[in-house]
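As a plain string of letters, each chain reads:
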Amino acid sequence: MADTAQLKIGDKTYDLPVIEGTEGEKAIDISKLRDQSGYVTLDIGYKNTGATKSAITFLDGEVGILKYRGYPIEQLAEKSTFVEVAYLLIYGDLPSAEQLKNFELEISRHTLVHEDMKKFFDGFPSGSHPMGQLSSLIGALAAFNPASLKQSLSAEEVNLEIIKLIAKMSTIVSWIYKKSLGHPVIYPRNQYDYVTNFMHMTFGQRTEEVEIDPVVVSAMNKLLILHADHEQNCSTSTVRIVGSSDANLYASISAGISALWGPLHGGANQAVIEMLQKIKEDGGDTDKWIAKAKDKNDPFRLMGFGHRVYKNFDPRAKIIKKACDDILEKLGINDETLEIAKKLEEVALHDPYFVERKLYPNVDFYSGIIYTALGFPTDMFTVLFALGRLPGWIAQWKEMKANKEPIGRPRQIYVGATDKNYTDIKNR
Ligand code: SDX
């Protein structure tokens, strides 16, 4: 492979270094292009632009491969737990038994949130979207952890904030749900593992002991693992660029939550279920809705379909689709929206419009069906995506800081008005 690319502009030729990653990805390093040539590149939406070099997650969108720190997602989803995968992403490799035990113990010490945080919960109007609440509450954690605002924190101090955030996010997510019901919140019980504790805080009752079904815990572990990281997607890029200004961890993650909220990104899992329910109420005519998705004059898109980088099956969608069948069977649930989803997938995968554009089901297409089976309301789905993505955001933020990356500041090409002079308002 050539180690330089040559760019010819007019009568000048510029040599640009070529780099290759450990999985064979290649890039032209343009970090000195403007100094050399006066030119910048333009790539709206960064479809062809690498923002960083990362050792956390690798995905191959053409083939449908996803690996966390080199481990295939299929193996982790089958054999690991969410806390173990969080350790893998954040610290770089799978933990020993002792390391995992200490990690879980540390987390269990920080699951409580300051009682004054309840005033924030009480301040939200009933029915306010859980993602807006979550973004605000996670940002507010900085107020209760002023040490996190200190500049140049030591590695131990950063790690403590990471542990606190992982611990408190599950408590905050469950309390958002409880408050939406008008129910009293349930405090963490640290004899439970992380996911069981979360499910207990979410679905437990203060008036009676509630047994959390291990089948449900296993499905939740799998879902959280599948959402844990996805290289430089919209919300992760947001976390990195906010963190690059030396903003604290809570502010950076709060920004990532806001980016994830959008229906083109993490908000798609809620939009998929709303779409499936609309098709069901409309009589289940999947051909009609496929036609709408293809009609350029119709704003309707087949939510949960298509992806910026997967131009083949999203490997997570395959795993979630199978988990859907398993969990619905184990829980004895017959969900008509799953049948509609499978019909949509079947039709779309043979329709030239979708085939030509390489539009396949993505992680959001089936996840909402499992969340519904586990008892979550639709507007909590994206919050669950955020809970799963948290260790990935943290790992990416940590890597950006460790690599001492500069503050993110893209360039632009100005196309606005030029040479204007101020005129008195009387003359306009
Ligand atoms: C996530 O980046 C990540 O990794 C994200 C994520 C993660 O883990 O962090 O994987 C999570 O965000 C998954 C994606 C969830 N979003 C949705 O399911 C929303 C529906 N999908 C789309 O809106 C769309 O596919 C995107 C936003 C996901 C990707 O859009 P792109 O890459 O910008 O592609 P595009 O919009 O330019 O579409 C290319 C063509 C267009 O048609 P033409 O102009 O070529 O005629 O495909 C069409 C689009 O109109 N198209 C769709 C479609 N998605 C794309 N047409 C109908 N239905 C769709 N869902």
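Just so you know, these numbers come straight off a predicted model, no measurement behind them. (Residues numbered from 1 in each chain as written. Predicted model: local features only at pLDDT ≥ 70, side-chain atom pairs only at ≥ 80, totals over all residues. Heavy atoms only, no water.)

(A) Molecular detail of helix 12 (residues 268–281). Spanning 14 residues, helix 12 covers 19 Å between terminal C-alpha atoms, matching the ideal 20 Å at 1.5 Å per step. What helix 12 keeps buried is the set Ala268, Asn269, Gln270, Ala271, Val272, Ile273, Met275, Leu276 and Ile279. Elements that come into contact with the buried residues of helix 12 comprise helix 13 (286–294), helix 15 (336–348), helix 17 (363–373) and helix 18 (381–402). Backbone geometry just after helix 12 places glycine 283 at a positive phi near 100 degrees. (Helix = DSSP H or I, 4+ residues; strand = E, 2+ residues; numbered from the N terminus. Expected span 1.5 Å × (residues − 1). Buried < 20%, exposed > 50% of the residue type's maximum accessible area, 1.4 Å probe, protein only. Contact = heavy atoms within 4.5 Å.)

(B) Quick peek at the domain arrangement of the protein. The domains assigned to the protein are domain 1 (4–50), domain 2 (66–260 + 382–402) and domain 3 (268–307 + 319–374). Computed over C-alpha atoms, the centres of domain 2 and domain 3 are 28 Å apart. Contacts between the two partners involve 18 residues from domain 2 and, on the opposite side, 15 residues from domain 3. Roughly 1400 Å² is buried in total at the junction of domain 2 and domain 3, and carbon and sulfur atoms are behind 74% of that figure. Scanning the region where domain 2 abuts domain 3 turns up 0 salt bridges. Between the two partners, domain 2 and domain 3, sit 2 residue pairs in polar contact (both at pLDDT 80 or more). When residues of the side of domain 2 that touches domain 3 are traced back to their parent elements, those giving at least two are helix 2 (73–79), helix 9 (214–226) and helix 18. Ranked by the residues each element gives to the side of domain 2 that touches domain 3, the list is headed by helix 9, at 7 residues. (Domains from an automatic or database assignment. Buried area = accessible area lost by both parts, 1.4 Å probe. Salt bridge = Lys/Arg side-chain N within 4 Å of Asp/Glu carboxyl O. Polar contact = N/O pair within 3.5 Å; in protein donor to acceptor, adjacent residues only side chain to side chain.)

(C) Summary view of a nonpolar patch on the surface. Where nonpolar side chains cluster on the molecular surface, the patch consists of Leu42, Ile44, Ile413 and Val415 and spans about 490 Å² of accessible area. Along the chain, leucine 42 turns up in the loop between helix 1 (33–37) and strand 4 (57–60). (Patch = residues over 30% accessible without salt bridge, like charges linked within 9 Å, V, L, I, M, F, W, Y side chains within 5 Å. Areas by Shrake-Rupley, 256 points an atom, 1.4 Å probe, with all protein chains shown as cover.)

(D) Quick peek at the site of the ligand. Contacts to the ligand come from 25 residues, most closely from His230, Arg301, His307, Arg316 and Arg389. In this structure, an oxygen atom belonging to the ligand sits 2.7 Å away from a side-chain N or O atom of arginine 301. Here an oxygen atom of the ligand and a side-chain polar atom of histidine 307 are 2.5 Å apart. Taken by itself the ligand offers 1100 Å² of open surface, and the protein chains cover 79% of this. Broken down by class, the residue content of the shell around the ligand amounts to 10 nonpolar, 7 polar and 8 charged. Composition of the shell around the ligand by domain shows at least three residues from each of domain 2 (66–260 + 382–402) and domain 3 (268–307 + 319–374). (Near = heavy atom within 4 Å. Nonpolar A, V, L, I, M, F, W, Y, C, P; charged D, E, K, R; others polar.)

(E) Inspection of the sheet that holds strand 4 at higher detail. Pairing is antiparallel in the open sheet, where 3 strands are placed in the order 4-5-6. One side of each edge strand has no neighbouring strand; the edge strands of this open sheet are strand 4 and strand 6 (71–72). Bridge analysis of strand 4 against strand 5 (residues 65–68) gives 4 bridges, and the strand direction is antiparallel. Residue pairing for strand 5: phenylalanine 58 is matched across the bridge by lysine 67. (Pairing = 2+ DSSP bridges.)

(F) Region of the structure containing the nonpolar core. Core analysis: the biggest nonpolar cluster contains 112 residues, and Tyr68, Leu134, Ile172, Met220, Ile253, Met275 and Leu302 have the highest contact counts within it. In terms of domain composition, this core takes at least three residues from each of domain 2 (66–260 + 382–402) and domain 3 (268–307 + 319–374). Here leucine 134 is in contact with Met169, Ile172, Val173, Ile176, Ile257, Val383 and Ala386, once residues within four sequence places are set aside. (Core = buried A, V, L, I, M, F, W, Y, C linked by side-chain atoms within 4.5 Å.)

(G) A look at the packing of helix 14 (residues 315–330) against helix 15. In contact at an axis separation of 12 Å, helix 14 and helix 15 are set at 155 degrees when each is read in the N-to-C sense. Of the possible angle classes, the one that applies to helix 14 and helix 15 is roughly antiparallel. Crossing of helix 14 over helix 15 shows left-handed handedness. Contacts between helix 14 and helix 15 involve Lys321, Cys324, Asp325 and Leu328 on the former and, on the latter, Leu338, Lys342 and Glu345. Looking at side-chain class alone, the contact of helix 14 with helix 15 contains 3 nonpolar, no polar and 4 charged residues. (Axes fitted to C-alpha atoms, helices over the stretch in contact; angles between N-to-C directions. Parallel < 35°, antiparallel > 145°, perpendicular 65-115°, else oblique. Left-handed = near helix turned anticlockwise from the far one by under 90°.)

(H) Representation of the packing of aromatic side chains within the structure. Across all of its chains, the model carries 18 aromatic pairs by this definition. Centre to centre, the rings of phenylalanine 120 and phenylalanine 144 are 5.8 Å apart; their planes meet at 70 degrees, and the pair counts as edge-to-face. Here phenylalanine 144 lies in helix 6 (residues 130–144) and phenylalanine 120 lies in helix 5 (residues 117–123), a separation of 24 residues in the sequence. Linked through ring pairs, Tyr177, Phe198, Phe203, Tyr371, Phe376 and Phe381 together constitute an aromatic cluster. (Phe/Tyr/Trp six-rings, centres within 6.5 Å; stacked < 30°, edge-to-face > 60°.)

(I) Broad picture of the environment of tryptophan 175. Note on placement: tryptophan 175 falls in helix 7 (residues 155–181). Under the relative-accessibility criterion, tryptophan 175 is labelled buried at 0%. Sequence separation of tryptophan 175 and valine 185 is 10 residues, and the distance between their C-alpha atoms is 5.5 Å. When neighbours within four sequence positions are excluded, tryptophan 175 is seen to be in contact with Val113, Lys118, Phe121, Val185, Ile186 and Tyr187. Among the polar contacts listed, one links the side chain of tryptophan 175 to the backbone oxygen of isoleucine 186, at a separation of 3.0 Å.

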